[in-house]
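What follows is each chain in one-letter form.
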Amino acid sequence: MNRRRFFKALVVLTFVTLSFFSFACKSTPEADAEGKEITGKGVSLSVPAQKKVSSALSEIDQTVVNDVKIGTRVSLKRAFANLRQSEQEYTESQAVLLNMIYETMQILYPEDKILWLVPTLTEENDYISILDSAKKGVYDDSAAYEDFFVRVLPSLVLITSPNSTGFFADSKVSLDIALSEFPESFIANYLRGILSYRQQHYSEANGFFQKAYEIDPDYINLKRSYAESLLKVGDNELSFALASALLETNPENFDYLRICAYATLNQGRTAEAQQYVIRALQQQPNNPDFILLRAKMLMSEGEYLNASSLLDAYSRNDNTSKDYLLMRATLQRDWNKNTTTASNTISQALYLYPDDIEVILFAVELMISSGQQIGTRSARELVQQVIATEPSNMKSQELLLKILVNEKQWQEAYTLSSDLIQKGNCSLETVSLRIEICLYLKNNSDARKAIPLLSKLTSDQSFVDLAQIRILISEGNRGEALKQINASLAKDYSNQTKSDLYYEKSKIASSSEAQLADLRSCLTANPRNQNALLALYKYYYDKADYRKSQYYLRQAIALNPQNTELVALSSQLEELLKTR
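Cut-offs and rules
Residues numbered from 1 in each chain as written. Predicted model: local features only at pLDDT ≥ 70, side-chain atom pairs only at ≥ 80, totals over all residues. Heavy atoms only, no water. Helix = DSSP H or I, 4+ residues; strand = E, 2+ residues; numbered from the N terminus. Buried < 20%, exposed > 50% of the residue type's maximum accessible area, 1.4 Å probe, protein only. Contact = heavy atoms within 4.5 Å. Areas by Shrake-Rupley, 256 points an atom, 1.4 Å probe, with all protein chains shown as cover. Expected span 1.5 Å × (residues − 1). Salt bridge = Lys/Arg side-chain N within 4 Å of Asp/Glu carboxyl O. pLDDT = per-residue confidence, 0-100. Core = buried A, V, L, I, M, F, W, Y, C linked by side-chain atoms within 4.5 Å. Phe/Tyr/Trp six-rings, centres within 6.5 Å; stacked < 30°, edge-to-face > 60°.

Caption draft 1: How the structure looks around the overall build of the protein chain. Scanning the protein chain from N- to C-terminus turns up 32 helices and 0 strands. The buried share of the protein chain, reckoned over its 580 residues, is 47%. Contacts in the protein chain between residues far apart in sequence, at least 24 positions, make up 55% of those at least 6 positions apart. Carbon and sulfur atoms make up 50% of the accessible area of the protein chain, which totals about 29300 Å².

Caption draft 2: Spatial organisation of helix 16 (residues 304–315). If you check helix 16, its first and last C-alpha atoms are 16 Å apart, about what 12 residues at 1.5 Å a residue would give, namely 16 Å. Looking at the buried positions of helix 16, the neighbouring elements they touch are helix 15 (288–300) and helix 17 (322–334).

Caption draft 3: Seen up close, the pattern of salt bridges. Evaluated as defined, the whole model comprises 29 salt bridges. One salt bridge connects Asp-255 with Arg-258, and the closest N-O pair in it is separated by 3.6 Å. Residue Asp-255 and its partner Arg-258 are located together in helix 13 (residues 254–266), separated by 3 residues, close to a single helical turn. One salt bridge connects Arg-380 with Glu-412, and the closest N-O pair in it is separated by 2.7 Å. Here Arg-380 is found in helix 20 (residues 379–389), whereas its partner Glu-412 is found in helix 22 (residues 410–423), with 32 residues between them in sequence. Taking relative accessible area as the criterion, Glu-412 reaches 38% and is therefore assigned partly exposed. Linked through salt bridges whose partners overlap, the residues forming this network are Arg-73, Lys-77, Glu-111 and Asp-112.

Caption draft 4: Spatial organisation of the confidence of the model for the protein chain. Summarising the model, the protein chain shows a mean pLDDT of 87, and 90% of its residues fall at 70 or more. Ranking the elements of the protein chain by mean pLDDT puts helix 1 (residues 3–20) last with 39 and helix 9 (residues 186–198) first with 97. Note on residues 1–55: pLDDT is under 50 here. Beyond four places in sequence and across chains, it has 72 contacts.

Caption draft 5: Molecular detail of the environment of Ala-143. You can see Ala-143 is positioned in the loop between helix 5 (126–135) and helix 6 (148–152). Taking the C-alpha atoms as reference, Ala-143 lies 5.8 Å from Asp-126; in sequence the two are 17 residues apart.

Caption draft 6: Highlighting the nonpolar core. One finds Leu-97, Met-100, Ile-101, Tyr-127, Phe-149, Leu-156 and Tyr-190 to be the most contacted residues of the largest nonpolar core, which totals 81 residues. If near-sequence neighbours (up to four positions away) are discounted, Ile-101 is found in contact with Val-68, Leu-76, Ala-79, Phe-80, Leu-83 and Trp-116. Membership of the second largest hydrophobic core comes to 58 residues, among which are Leu-298, Leu-331, Ile-346 and Ala-447.

Caption draft 7: A look at helix 12 (residues 236–249). Under the 1.5 Å per step criterion, the end-to-end length of helix 12 is 20 Å for 14 residues, consistent within 8% with the ideal 20 Å. Taken together, the buried positions of helix 12 are Asn-236, Ser-239, Phe-240, Leu-242, Ala-243, Ser-244, Leu-246 and Leu-247. Its buried side turned inward, helix 12 meets helix 10 (202–215), helix 11 (220–232), helix 13 and helix 14 (270–283).

Caption draft 8: Region of the structure containing the packing of aromatic side chains. Within this structure, the stated rule accounts for 25 aromatic pairs. Residues Tyr-540 and Tyr-552 carry aromatic rings whose centres are separated by 5.9 Å and whose planes lie at 5° to one another, so their mutual orientation is stacked. Here the residue Tyr-540 occupies a position in helix 30 (residues 530–542), and Tyr-552 occupies one in helix 31 (residues 546–559), the gap between them amounting to 12 residues. Across this residue pair, the class does not change: Tyr-540 and Tyr-552 are buried.

Caption draft 9: Examining the side chain of Glu-103 more closely. Here Glu-103 is to be found in helix 4 (residues 92–108). Glu-103 gets classed as buried once you look at its relative accessible area, which sits at 11%. Excluding its chain neighbours within four sequence positions, the residues that come into contact with Glu-103 are Leu-131 and Lys-135.

Caption draft 10: Just unusual backbone geometry, in detail. A positive phi angle, close to 55°, is found at Lys-337, a residue other than glycine. Within the fold, Lys-337 resides in the loop between helix 17 and helix 18 (339–352). A positive phi angle, close to 65°, is found at Ala-544, a residue other than glycine. By the element assignment, Ala-544 lies in the loop between helix 30 and helix 31. According to the relative accessible area criterion, Ala-544 is partly exposed, its value standing at 36%.

This is the structure:
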């Protein structure tokens, strides 16, 4: 017996039982006038009074029915006009459809003044019952049959009760079936986009919002939701285009100002973002969202002290919001240089928001950079959770690539990097990792193929020079590599770049003494060059000078105290020193 037949049978059985006791019992205070119990979670659990199955809509012109299925303001008004008659009785189906249009307009377009007269329904109808439930914040899927409207109308609760969550799985299945039958439905695409957004599947939400936008580009609520969702996936340009267009029609709208501020800030247009923030704060000087946004702007400008003061002020009222915790952790990591405190902060965020993609990815980034454990799951487990939820999320894929390289899973990393390069729009770091992976696997030809892409992604020639030098060394072309190293050292590159150049030079040194000199020059340019520290550890270890070896290993561990491999080497070295 399928679910709906079972439910129908349950309705009948319960109705008979209740009728038997009706002389002795009264409705409980929790039930409404129709016998429906409201749970507050968007799900109707009670048994309504016995329903009569609605008549089909097949007698109505299919063009009119399709207009209602589309569900735009224009199509609904057109359908209503085509159905409305004067001085004539309506059929039951016509009366039901007119009421459906009226109730749907009230939910979707409450800003419209709807003065229509609709015929009174004398009998209970499933469609109207679903709409009545939706207005009360209840997801009602108890209809005795299924069609497009029965699948779509219950999900209007996404609009009427934005905090309800208990119906998401049923809503997804029903809306997907409805869209497979009638993909040109604005209302189904719009509701499906809202559902995906509420589930934090932002890329998926954008797909549905885009389709709805193609059907009706004038619906303000859709444009706002679409702009918000685009902002979540980093499509700041299109998000700003939508929000700024809305702002032109309503210059004081706080939501539009907020989206414009974030979109411009994310694009590095700080001065422009500042103007939106000022306009918003003029309306709401104590608005916590804009206090945080102002703090974010100050952090982007390097004004960490002032940003910290704003975060302190914000925390007096709320120290658990997601944005606050993310910014506090960022400040602790980037300004205080205290990854332990940052890890504690993001651990709290992960506990409070275990499914939030932004929090998860920040935690993964911090775990990769610091080597510290956050929560109970590994960085790989966390990033795979995001990939399972949102497979198109590029940042999660790139973080997984870093994890694979750290774990020395070279073949798996090669496959993933190939996929990322093929998809395009990858970061400079991903291309750099691709070259590192290819060089480790002695695939010099693929490493060379990545050089043009590297040149496109950065105007800093030092990145390209270093990559080319590493490829030359891997190819065994010592003479050309040495020539390019000396040429690069003569350029006005940063100390960190020159340190990397000396390290590469040490790998092709003609003698042990020359190698030592290059490694010392490497540390002079950048004392925190971990590759050079480990190379000196090995240099002195091979010469049995274990005290000096230990000295450089300890410095390397100080830069990465959570690296278990280095800690193990240190323990082995200490045992060796005890025997001498």
